[in-house]
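Fold and contact review
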Number of protein chains: 2
Amino acid sequence: MRAPRTLHLNTNITGTGRHPAGWRTLDNAKSIIDLQFFTAIAQTAERGKLDAVFLSDAVALAGHAHGPAQSLEPTVLLTALAGVTRHVGLIGTASTTFNDPYNLARCFASVDHLSAGRVAWNAVTTYDPNAAANFSMSGAPDKAARYARAEEFVDVVLKLWDSWEDDALIADRASGRYADPARVHAIEHAGHHFQVRGPLNLPRSPQGRPVLVQAGGSEAGVALAARHADAVFTAQTTFEGAQEFYGDIKARAVAQGRHADHLLVLPGLYPVIGGTLAEARQRKADMDALLDRRTELAKFARALGIDADDLQLDAPLPYALIDKGNRADVSNGFIRTTVLLARSDNLTVRDLLDRNPGAHRMIVGTPETIADDIERWFTGRAADGFNLNADVFPSGLAAFVDHVVPLLQRKGIFRRDYEGTTLREHYGLARPASRYADPDARLVEHTPGALS
Amino acid sequence: MRAPRTLHLNTNITGTGRHPAGWRTLDNAKSIIDLQFFTAIAQTAERGKLDAVFLSDAVALAGHAHGPAQSLEPTVLLTALAGVTRHVGLIGTASTTFNDPYNLARCFASVDHLSAGRVAWNAVTTYDPNAAANFSMSGAPDKAARYARAEEFVDVVLKLWDSWEDDALIADRASGRYADPARVHAIEHAGHHFQVRGPLNLPRSPQGRPVLVQAGGSEAGVALAARHADAVFTAQTTFEGAQEFYGDIKARAVAQGRHADHLLVLPGLYPVIGGTLAEARQRKADMDALLDRRTELAKFARALGIDADDLQLDAPLPYALIDKGNRADVSNGFIRTTVLLARSDNLTVRDLLDRNPGAHRMIVGTPETIADDIERWFTGRAADGFNLNADVFPSGLAAFVDHVVPLLQRKGIFRRDYEGTTLREHYGLARPASRYADPDARLVEHTPGALS
């Protein structure tokens, strides 16, 4: 008998929270380099029995004149958080464009070992041209090139994670046999972007493979997710749109021979919580009052790939100016969801700015409103769960944990305690076997030099 | 008044210790993936007031059929160790051939933040052709190419570590100013190997820059160390040879306009400790009895760049066959020190194997013998301190901490307690200013796109 379907919840840490002025309400405003700040978030998430904390990332500096952004390297920060938590999953973002598959596979597998099986890699391709300028490239590769590399990158990483079979580390003191070379496999990857002999220099990690997450909203991203990902993070602003996305990507996974339950669909959600609706609105208004409006307008225009002068506060978006095609230097997922939202709700630029644009759906409301909305999306198969944005950490998350989680538990759709120890167990995902352990899997030649 | 010269001691973690059969004496022989094992080492080092733990590294698997090797990624493991210690420094090895300077600078600076200023980067160029096969290269670049890249790589990393001035993070809640763009600098590096705009996306770390260590023994390595390194790790097997190396590299540092005390010379030392000489010899003999002699002979031959058939146990090394030139695929430092040792002490292959060849000087003896030897090298300016190898962790290190450290303290050459909190303070090194903070330093153009 299958266990009943259960909601999955991550908290998405971006800077000090999703509200651009949230940091101005913190006692310690330099918190982005303060382990205590992140410890409080992770421990609050664990108190709420959340599946995971999820670190966004970037590899170029932007916007730092006006507020915090991603700073500490994710695998390093997640390792520190593994030491101050026991159950909560640890999801880190890393780019396939600006990393190497051997180093990346090793880093995430190392965190998986040190966290006893709690890590996930959120694979992104990174459209930011400022990032390219930090990695000896004259500009970010175009989307097709980025995804071609990403496909092969993910393939290499998955092979490396499989390169040690589960029982390859013998460590038999009596015979002096340490690892069994017959169960440690060169991967002999010879592709267009990468030639990697392997094996990884690290025994198989507790989850078999770290959980793989994909977050791109484009066609190429969705295709990659359907093939390989255990979970997909997505920006969905309407219930119907989310249902359509959910049905589509599950069908694609099934078409790949996978079980629909083995690809979790987790849209972003940005709740602003108050004891009453008026309190929630006041909380948001207090933070909004601290915003630099000109900066926000400029940031919004840049994200849309247009000039700030083209935006008028009380007019609709200049749809004709916004290129919804495959530009390399913007997030097409952000543009798509923003345009969809603006059109469906007939919003002005001012309305959109009010929602702290970040592609994720905002609900300003009471715990009851928010819990009901979550239940509706979950039972309506618009989502398997959510990536929760907080307006500001840790208070935005604490409000969710203390007031929304108990309602979800009472509805019977969210765990009252952790039942497993690994993130795969929290997510209800099977532990994968190594592809090399199956005698029917394709044969891989050993390389005596590497295995002696 | 300058503080009196003080001894510096690191413990070098390679696998489960330097003796190839040491793992067969451990209760938990799978310890290379066990955080508790490394925690015990780091806490023992801290109990002994050692300057640092130092992780060797490799990015290809070798020898795993017969014993443990480097597995967990160093910056990740050091972060975990930062969480279970308070004072001891944390030195990680990473290759300039198989990494990217932006990612590496960010990882080490992140660990520096999370450890409150205790991290060092040991920069190596990696001669292992098996590593190249994991990074889409047909073979390791030759030594000249590796060091040309290493020079520029280190230059970029140091610039990125300087890219935020100390006081650039304002986080002024009242005005909404987060970072001061005038104190966050694009580095605009445009070199032969790398083009990196910067700045790093992380505020300046507690030590200003993580400590920089260099470990190569070749002419190019020594030249790089003299220019940039805060400490040099070196294989020295004779007192006179070590004195010569010490004098030479200090003179080179002074010739670069540096203070001689700001480049620490730390040779490797491999003590095997017993209450009596007989006990120490027995400890070693017990482990030697667990060795697979054929494997050791093959490993030794491979490290010398020759065939195992060319080695006869009771004959001298076949010096004529051993190429002491600049081969790309072996450690020339290892060959140099091994040949020097074999010639000076007139050793047979069996004698050399007895010393568990690893390029580092072995002393089998009592705490008194070992402390006296350390004092002689220290006061004779053959060393500023040592990288201590243990035969097996944690017992080999515990013996040193419990029995040798008190003797060194009584001699007045080693600290009785930590006096500072950062590794720079343990090492007696000044905290560097950002090169961009000096108005006389070369002007760097801002890049508005990256800094807005």
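Calculation notes
Residues numbered from 1 in each chain as written. Chains lettered and ligands numbered in written order. Predicted model: local features only at pLDDT ≥ 70, side-chain atom pairs only at ≥ 80, totals over all residues. Heavy atoms only, no water. Helix = DSSP H or I, 4+ residues; strand = E, 2+ residues; numbered from the N terminus. Rg over C-alpha atoms; globule rule 2.2 N^0.38 Å. Buried < 20%, exposed > 50% of the residue type's maximum accessible area, 1.4 Å probe, protein only. Contact = heavy atoms within 4.5 Å. Areas by Shrake-Rupley, 256 points an atom, 1.4 Å probe, with all protein chains shown as cover. Least-squares fit on C-alpha atoms with pLDDT ≥ 70 in both. Salt bridge = Lys/Arg side-chain N within 4 Å of Asp/Glu carboxyl O. Buried area = accessible area lost by both parts, 1.4 Å probe. pLDDT = per-residue confidence, 0-100. Core = buried A, V, L, I, M, F, W, Y, C linked by side-chain atoms within 4.5 Å. Pairing = 2+ DSSP bridges. Right-handed = clockwise from strand over helix to strand, strands pointing away.

1. Examining the overall build of chain A
The helix and strand inventory of chain A stands at 15 helices and 13 strands. Relative to the globule expectation of 22 Å for 452 residues, the C-alpha radius of gyration of chain A, 22 Å, shows essentially globular dimensions. Here the C-alpha coordinates of chain A stretch approximately 75 × 50 × 45 Å along the principal axes. When burial is assessed residue by residue, chain A has 62% of its 452 residues classed as buried. A separation threshold of at least 6 residues defines the contact pool for chain A, and within that pool the share at least 24 residues apart is 78%. Accessible surface computed for chain A: about 16700 Å², of which carbon and sulfur atoms make up 50%.

2. Quick notes on the relation of the copies chain A and chain B
Under the fitted operation, chain A is carried onto chain B by 0.0 Å of movement along the axis and a turn of 180°, and the coordinates agree to an RMSD of 0.0 Å. What the rotation and shift describe, once combined, is the action of a two-fold rotation axis. Interface residue correspondence from chain A to chain B reaches 100%, placing this contact among same-surface, isologous pairings.

3. Quick word on the pattern of salt bridges
Applying the stated criterion to the full structure yields 50 salt bridges over all chains. B:R47 serves as the salt-bridge partner of B:D402, at 2.5 Å between the closest nitrogen and oxygen. Of the two residues, B:D402 sits in helix α13 (residues 395–410) while B:R47 sits in helix α1 (residues 35–47), which places them 355 residues apart along the sequence. Judged by relative accessible area, B:R47 falls into the partly exposed class, the value being 46%. The partner of B:D288 in a salt bridge is B:K284, and the shortest N-O contact between them spans 2.6 Å. In this pair, B:D288 and B:K284 both sit in helix α8 (residues 277–288), 4 residues apart, roughly one turn of the helix. Just as B:D288 is buried, B:K284 falls in that class too. Through salt bridges with shared partners, a single network forms among A:D162, A:D166, A:R204, A:R209, A:R431 and A:R435.

4. Concerning the environment of B:A45
Residue and element names in this part refer to chain B. Tracing the chain through its elements places A45 in helix α1. A sequence separation of 34 residues divides A45 from T11, and the C-alpha atoms of the two residues are 7.2 Å apart. Setting aside residues up to four positions removed in sequence, A45 forms contacts with T11, L50, V53, V88, L397 and Y418.

5. With respect to the interface of chain A and chain B
Listed per partner, the contact involves 78 residues of chain A and 78 residues of chain B. In this assembly, chain A packs against chain B so that about 6400 Å² is buried in total across both faces, 56% of it on carbon and sulfur atoms. Broken down residue by residue, the surface that chain A buries against chain B is led by A:H64, A:R173 and A:Y178, which jointly contribute 12%. Taken together, chain A and chain B are joined by 2 salt bridges. A:D57 is the salt-bridge partner of B:R106, the closest N and O atoms lying 2.6 Å from each other. Among the secondary structure elements, those contributing two or more residues to the side of chain A that touches chain B are α2 (74–82), α3 (101–114), β5 (169–172), β6 (177–179), β8 (195–196) and α15 (448–451) of chain A. Of the residues forming the side of chain A that touches chain B, the biggest block, 8 residues, is contributed by α3(A).

6. Examining the confidence of the model for chain A
Overall, the prediction assigns chain A a mean pLDDT of 91, with 94% of residues at 70 or greater. Of the regions scoring below 50 in pLDDT, residues 441–452 of chain A engages in 33 contacts with residues more than four places distant in sequence or in other chains.

7. Topic: the nonpolar core
Grouped together as the largest cluster of nonpolar side chains are 170 residues, with contacts concentrated most on A:W121, A:F400, A:L408, B:W121, B:F400 and B:L408. When near neighbours in sequence (up to four residues on either side) are disregarded, A:W121 contacts A:G92, A:A94, A:T96, A:L104, A:F108, A:F153, A:V154, A:V157, A:W161, A:V211, A:L212 and A:V213.

8. As for the pairing of strand β3 (residues 89–95) of chain A
Residues and elements named next belong to chain A. Along β3, 7 of the 7 residues are buried, which leaves the element largely enclosed by surrounding structure. Residues G89, I91, T93 and S95 of β3 are buried on one face, and the alternating residues L90, G92 and A94, pointing to the opposite face, are buried as well. Pairing of strand β2 (residues 52–55) with β3, which is carried by 4 bridges, proceeds in the parallel orientation. Following the sheet pairing, L55 is matched in β3 by G92. Handedness of the crossover is the feature at issue here: the chain leaves β2, passes through α2, returns alongside β3, and the resulting connection is right-handed. Where β3 and strand β4 (residues 119–124) come together, 6 bridges link them in parallel fashion. By the bridge assignment for β4, S95 is matched with V124. In the classification by handedness, the crossover that spans β3, the intervening α3 and the parallel β4 is right-handed.

9. As for unusual backbone geometry
In the segment running from B:G198 into B:P199, the intervening peptide bond is cis, with an omega of -5°. You can see B:P199 is positioned in the loop between β8 (195–196) and β9 (211–214). A cis geometry characterises the amide bond from B:F393 onward to B:P394, with omega recorded as -10°. Structurally, B:P394 is set in the loop between β13 (385–389) and α13. Positive phi, normally seen in glycine, also occurs at A:A116, with a value near 55°. Among the structural elements, A:A116 can be located in the loop between α3 and β4. We note that A:S136 has phi near 60°; this positive angle belongs to a residue other than glycine. One can find A:S136 in the loop between α4 (129–132) and α5 (143–162).

10. Topic: the pairing of strand β10 (residues 231–234) of chain A
All names here are of chain A. Residues of β10 alternate between two faces, with A231 and F233 on one and V232 and T234 on the opposite face, all of them buried. Two elements, strand β9 (residues 211–214) and β10, share 2 bridges in a ladder whose sense is parallel. By the bridge assignment, Q214 is partnered in β10 with V232. Summarising the sheet, β10 and strand β11 (residues 264–273) pair through 4 bridges and their orientation is parallel. Bridged to V232 within β11 is V265.

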